[in-house]
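What the coordinates show
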Amino acid sequence: MRHQKHYFKTETKTDTDTVIIEGPLDSETLKSYTFDDNLNAFRRPSEQFQALLEIADLPEGRIIVSQIDKHIVGYIILLHPDPLERWSDGNHEFIMELGAIEVAHQHRSLGLAGKMLELSVRDNFVENYIIITTEYYWHWDLKNSGLDVYEYKNLMIRLMQRAGFEVFQTNDPEITGHPANTLMARIGKNITDKEMQQFDEIRFKNRFLI
């Protein structure tokens, strides 16, 4: 597969700022931006920004950001699944993963996560992908949200549905290990029956083993 990326941009206004939602961006563009110190859910901000730079130039890598005056306050990462995870079995180029979505705490009331998700699937080329997202409760900001794990689970499901994601069942131990954990996927319009069958085989890996 020859991955194709087409740039899109939209904006939303607040009382004081204009937030630009844009992408996919390459590393050279990202290097001209700064990265908010509150984007620290997965690792230290400097390390996370470096990860974005590296992923941006992968053939399949897609970085969508929310930025204010070239200062990144939110981002989405799309790329092939980690080689150590079951979702990479077979190295299928049509399987992508929403590797991370994060918005700086002070900007979470603006609906930027949903806007970035919607923009990330505006490119018709993503219809050639099955995009998965594995929602684990230990990644969620339960403390600042004031929600319990099941309320947060429902929030994440509604958020992902805005971009066409659906809940899928799996026997993956990390997902089945807690009832709040969830597998969701967006099935592109160009996905074939064979590709869907390959995805199903990964979802229920070793289902017939005792």
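- Per an unreviewed UniProt entry, the recorded name for the protein chain is Acetoin utilization protein AcuA, and the organism is Jeotgalicoccus aerolatus.

Considering the overall build of the protein chain
- Scanning the protein chain from N- to C-terminus turns up seven helices and nine strands.
- The C-alpha radius of gyration computed for the protein chain amounts to 17 Å, which stays within 12% of the reference 17 Å derived for 210 residues, consistent with globular compactness.
- Taken along the three principal axes of its C-alpha coordinates, the protein chain extends 60 × 40 × 30 Å.
- Taken over 210 residues, the protein chain has a buried fraction of 50%.
- Within the protein chain, counting contacts between residues at least 6 apart in sequence, those at least 24 apart form 66% of the total.
- Roughly 11,000 Å² of accessible area belongs to the protein chain as shown, and the carbon and sulfur atoms make up 48% of that amount.
- Counting 23 positive and 33 negative side-chain charges, the protein chain places the averaged centre of each group 3 Å from the other.

Description of the pairing of strand 4 (residues 62–68)
- The buried fraction of strand 4 amounts to seven of the seven residues, a majority that puts the element mostly inside the structure.
- Residue alternation in strand 4 divides its side chains into two sets, Arg-62, Ile-64, Ser-66 and Ile-68 and Ile-63, Val-65 and Gln-67, and both sets are buried.
- Two strands pair when backbone bridges link them, and strand 2 (residues 18–23) and strand 4 are joined in this way by three bridges, in the antiparallel orientation. Bridging across to strand 4, Ile-20 finds its partner in Gln-67.
- Both strand 4 and strand 5 (residues 71–79) contribute to a ladder of seven bridges, which runs antiparallel. Its bridge partner lying in strand 5, Ile-68 is registered against His-71.

So, empty space enclosed by the protein
- Here the structure, examined in full by the defined rule, presents one cavity of 30 Å³ or more.
- There is about 40 Å³ of room inside the largest cavity.
- If you go around the largest cavity, the residues you meet are His-6, Phe-8, Pro-24, Arg-62, Ile-64, Leu-78, Leu-119, Ser-120 and Asp-123.
- Broken down by secondary-structure element, the contributors of at least two residues to the lining of the largest cavity are strand 4 and helix 3 (112–120).
- Its residues assigned to classes, the lining of the largest cavity shows five nonpolar, two polar and two charged.

Digging into the packing of aromatic side chains
- This structure, assessed with the given rule, holds seven aromatic pairs.
- Summarising the aromatic geometry, the rings of Tyr-137 and Trp-138 are spaced 5.4 Å apart at their centres and angled 70 degrees between planes, so their arrangement reads as edge-to-face.
- With a relative accessible area of 29%, Tyr-137 lands in the partly exposed category.
- By way of ring pairs, the aromatic residues Phe-35, Phe-49 and Tyr-75 are connected into one cluster.

Topic: helix 3
- Within helix 3, seven of the nine residues are buried, which leaves the element mostly enclosed by the surrounding structure.
- Within helix 3, the full set of buried residues consists of Leu-112, Ala-113, Gly-114, Met-116, Leu-117, Leu-119 and Ser-120.
- Of the surrounding elements, those touching the buried residues of helix 3 are strand 1 (8–13), strand 2, strand 4, strand 5, strand 6 (95–103) and helix 5 (149–161).

Conventions and cut-offs
Residues numbered from 1 in each chain as written. Predicted model: local features only at pLDDT ≥ 70, side-chain atom pairs only at ≥ 80, totals over all residues. Heavy atoms only, no water. Helix = DSSP H or I, 4+ residues; strand = E, 2+ residues; numbered from the N terminus. Rg over C-alpha atoms; globule rule 2.2 N^0.38 Å. Buried < 20%, exposed > 50% of the residue type's maximum accessible area, 1.4 Å probe, protein only. Contact = heavy atoms within 4.5 Å. Areas by Shrake-Rupley, 256 points an atom, 1.4 Å probe, with all protein chains shown as cover. Lys, Arg positive; Asp, Glu negative; His and termini not counted. Charge placed at Lys NZ, Arg CZ, Asp CG, Glu CD. Pairing = 2+ DSSP bridges. 1 Å grid on protein atoms, 1.4 Å probe; cavity = no way out; pocket = protein on both sides within 12 Å on 5 of 7 lines; lining within 4 Å. Points joined across faces, edges and corners; volume = space filled by probe spheres on them. Nonpolar A, V, L, I, M, F, W, Y, C, P; charged D, E, K, R; others polar. Phe/Tyr/Trp six-rings, centres within 6.5 Å; stacked < 30°, edge-to-face > 60°.

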